[in-house]
Amino acid sequence: MKIDVITIFPEMFKSPFSQSIIKRAIEENYVELIIHDLRDYSLDKHNKVDDYPYGGGAGMVMKPEPFFRCIEDIGFDDNTEIIFMTPTGQQFNQQVCHEFTQKNHMILLCGHYEGVDQRVIDRFVTKELSIGDYVLTGGELPAMVVVDAVARVIPGVLRKEESYLKDSFQDGLLEHPHYTRPMEYCGMKVPDVLLSGNHGEIRKWRENKSVEITQKKRPDLVRTKKDL
Ligand code: ADE
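Once a new chain begins, its residue numbering starts again from 1 and follows that chain's sequence as written. For this predicted model, a pLDDT threshold of at least 70 governs which residues receive local features, and a threshold of 80 or more governs which side-chain atom pairs are given and counted, while totals over whole chains, interfaces and linings are taken from all residues.

### A look at the overall build of the protein chain
Selection criterion: Only DSSP runs of H or I with at least four residues qualify as helices, and only runs of E with at least two residues qualify as strands; both kinds are numbered from the N terminus onward. Atoms counted for the radius of gyration: C-alpha only. Globule rule: 2.2 Å times residue count to the power 0.38. In this scheme every C-beta is placed from the backbone, and a residue whose C-beta has 20 or more other C-beta atoms within 10 Å is buried, one with 12 or fewer is exposed, and one in between is partly exposed. C-beta atoms are placed from the backbone for every residue, and two residues are taken to be in contact when these atoms lie within 7 Å.
Assigned secondary structure in the protein chain consists of eight helices and 10 strands. What you see for the protein chain is a C-alpha radius of gyration of 22 Å, clearly larger than the 17 Å of a compact globule of 228 residues, by over 25%. Relative to its full complement of 228 residues, the protein chain shows a buried share of 25%. Restricting to contacts in the protein chain with at least 6 residues of sequence separation, those with at least 24 account for 75%.

### Considerations on the site of the ligand
Selection rule: In this analysis, residues qualify as near a molecule or strand once their C-beta atom, positioned from backbone atoms, comes within 6 Å of it. Residue type decides the class: Asp, Glu, Lys and Arg count as charged, Ala, Val, Leu, Ile, Met, Phe, Trp, Tyr, Cys and Pro as nonpolar, and the leftover types, Gly among them, as polar.
Neighbouring the ligand are the residues Met85, Thr86, Pro87, Ser130, Ile131, Gly132, Tyr134, Val135, Leu136, Gly139 and Pro142. When residues in the shell around the ligand are grouped by element, the largest group, three residues, is from strand 5 (residues 80–91). Here the shell around the ligand is composed, by residue class, of seven nonpolar, four polar and no charged.

### Things to note about the pairing of strand 1 (residues 2–7)
Using the following cut-off: The rule for pairing is simple: two strands pair if DSSP sees at least two bridges between them. By the criterion used throughout, a crossover qualifies as right-handed when its path from the first strand across the helix to the second strand runs clockwise, the strands pointing away from the viewer.
Extensive coverage of strand 1 is indicated by the burial of five of its six residues. One ladder, built from six bridges, connects strand 1 with strand 2 (residues 32–37); its direction is parallel. Bridging across to strand 2, Lys2 finds its partner in Glu32. Regarding topology, helix 1 (residues 20–27) serves as the crossover connection from strand 1 to the parallel strand 2, and that connection is right-handed.

### Considerations on the UniProt feature "binding site: S-adenosyl-L-methionine" (unreviewed entry) in the protein chain
Basically, it comes down to this: UniProt positions are given in the numbering used here, feature names are shortened, and annotations may be inferred rather than shown by experiment.
Mapped onto this numbering, the UniProt entry gives "binding site: S-adenosyl-L-methionine" (unreviewed entry) at Gly111, Ile131, Gly132, Asp133, Tyr134, Val135 and Leu136. Within the secondary structure layout, Tyr134 lies in the loop between strand 8 (127–130) and helix 5 (140–152). Within the secondary structure layout, Leu136 lies in the loop between strand 8 and helix 5. Those residues in contact with Leu136 that lie beyond four places of it in its chain are Leu141 and Pro142.

### Observations regarding the domain arrangement of the protein chain
Keep this limit in mind: Domains are outlined according to an automatic or database domain assignment.
If you check the domain split of the protein chain, you get domain 1 (2–152) and domain 2 (168–227). For domain 1 and domain 2, the distance between their C-alpha centres works out to 37 Å.

### Quick word on unusual backbone geometry
Of the consecutive residues Arg181 and Pro182, the connecting peptide bond is found in the cis state with omega at 5 degrees. As for its position among the elements, Pro182 is in the loop between helix 5 and strand 9 (184–185). Of note in this structure, Asn47 is not a glycine but carries a positive phi near 60 degrees. For Asn47, the location among the structural elements is in the loop between strand 2 and strand 3 (50–51).

### Considering the nonpolar core
Applicable threshold: By convention the nonpolar core is taken to be a set of buried residues drawn from Ala, Val, Leu, Ile, Met, Phe, Trp, Tyr and Cys and joined through C-beta atoms within 7 Å.
Counting residues in hydrophobic clusters, the biggest one holds 40 residues, and the most contacted among them are Ile6, Ile83, Met85, Ile107, Leu108, Leu109 and Ala143. Those elements that place two or more of their residues in this core are strand 1, helix 1, helix 2 (64–74), strand 5, strand 6 (105–110) and helix 5. With six residues, the top contributor of residues to this core is helix 5. Discounting residues that sit within four places of it in the chain, Ile83 has contacts with Met106, Ile107, Leu108, Leu109, Lys127 and Leu129.

Encoded structure:
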């Protein structure tokens, strides 16, 4: 999967993807991640990428030309998902994440200021995506969330022991609790069933805990599953 990110803060992407699982995914060529500095595509001698809004009002709008030039320079085809990160977009979730793995190319646009000139969206964008109902200072952190979540479910990225098949949301339920050594800590014991070696009973306990926790923390998920 090739992932291009267009941003005015390319430095922000350095550390998060040079560690752990995503670093490995890049090194092993499951993901080709290219960060583009939008200012490199500005036609202005001061590399300006924003301007005053037509119609007046507070705040600045990101200009169309740098985005047009950058996206056309990157190149795309019918299988490219061109995503604009915005709090007014469709809510990102695990299902959308899996849908993206069907694509071989994603371009993520990170917005700033009051927004991006609508012509960029009208010409190129195939999906507007939000990571939640709150407003961040820009689309960079949301883009990182999407890159991380998509990269880890690309087949081959996670090792068998890290498999996403037992992830929360994968089967519509939240995950059961986990315990490791010591068997007792600060007076709190690991549930006996997990020490029993009885795999059937352990599976049943985990399934029951999953349902119980989902009902308690996210009853909306249980309803969704029943309604299907
Ligand atoms: N840009 C600012 N806030 C955002 C959000 N919640 N999701 C996606 N992009 C954003």
